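Structure assessment
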Amino acid sequence: MTRERRLAASLTILILITVGGAAGYMILEGVHLGDALYMTVITISTVGFEEIFPLSTQGRLLTIGIIVVGVGAALYTAGVAIEIGLERFLGGEIRRRRMAREIDGL
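These figures come from a predicted structure and were not determined experimentally.

As for the side chain of Thr-40
With respect to the element layout, Thr-40 can be found in helix α2 (residues 33-44). For Thr-40, a relative accessible area of 0% gives the class buried. When neighbours within four sequence positions are excluded, Thr-40 is seen to be in contact with Ile-17, Thr-18, Gly-21, Ala-22, Tyr-25 and Ile-66.

Given below as structure tokens:
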């Protein structure tokens, strides 16, 4: 799988985790979409603001799951994005230097 496809797949997974987490908070805690989405995003991003609504035991278990799965997916996505950026930046520079050496050798 190409790097770009891995990035697209990991972004899709991250979006699904966000939507699933928000839906979980809406179902388990009975909160509105905005609050549920906000809670999910601050959990995945590890910002660590305090809870914006009291959590039940099920809500806390959901939060633990979002932390484990969401943070892992976010880190993987960031890693793939950085890999693509470095490859494009450094790969082009390396090719340019190699080509310059080959031209100088001629």
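Details of helix α1 (residues 3-29)
Taking 1.5 Å as the rise per residue, α1 with 27 residues should run 39 Å; its terminal C-alpha atoms sit 38 Å apart, in good agreement. Residues of α1 that are buried include every one of Ser-10, Leu-14, Ile-17, Thr-18, Gly-21, Ala-22, Gly-24, Tyr-25 and Glu-29, and no others. Residues of α1 that are buried sit in contact with α2 and α3 (57-105). Positive backbone phi, approximately 70°, marks Gly-30, located one or two places after α1.

Let's talk about the pattern of salt bridges
What the rule picks out here adds up to two salt bridges. Members of the salt-bridge network, linked through shared partners, are Arg-3, Arg-6 and Glu-83.

Regarding the packing of α1 against α2
Any two packed helices are characterised by how steeply their axes cross, that is the angle between the axes, and by the distance between the axes. Two numbers describe how α1 lies on α2: the axes approach to 8 Å, and their chain directions differ by 130°. With respect to their mutual orientation, α1 and α2 come out oblique. As α1 runs across α2, the sense of the crossing is right-handed. The segment α1 lies against α2, with Leu-14, Ile-17, Thr-18, Gly-21, Ala-22, Tyr-25 and Met-26 engaging Leu-33, Ala-36, Leu-37, Met-39, Thr-40, Val-41, Thr-43 and Ile-44. Residues that form the contact of α1 with α2 fall into these classes: 11 nonpolar, four polar and no charged.

How each quantity is defined
- Residues numbered from 1 in each chain as written.
- Predicted model: local features only at pLDDT ≥ 70, side-chain atom pairs only at ≥ 80, totals over all residues.
- Heavy atoms only, no water.
- Helix = DSSP H or I, 4+ residues; strand = E, 2+ residues; numbered from the N terminus.
- Buried < 20%, exposed > 50% of the residue type's maximum accessible area, 1.4 Å probe, protein only.
- Contact = heavy atoms within 4.5 Å.
- Expected span 1.5 Å × (residues − 1).
- Salt bridge = Lys/Arg side-chain N within 4 Å of Asp/Glu carboxyl O.
- Axes fitted to C-alpha atoms, helices over the stretch in contact; angles between N-to-C directions.
- Parallel < 35°, antiparallel > 145°, perpendicular 65-115°, else oblique.
- Left-handed = near helix turned anticlockwise from the far one by under 90°.
- Nonpolar A, V, L, I, M, F, W, Y, C, P; charged D, E, K, R; others polar.

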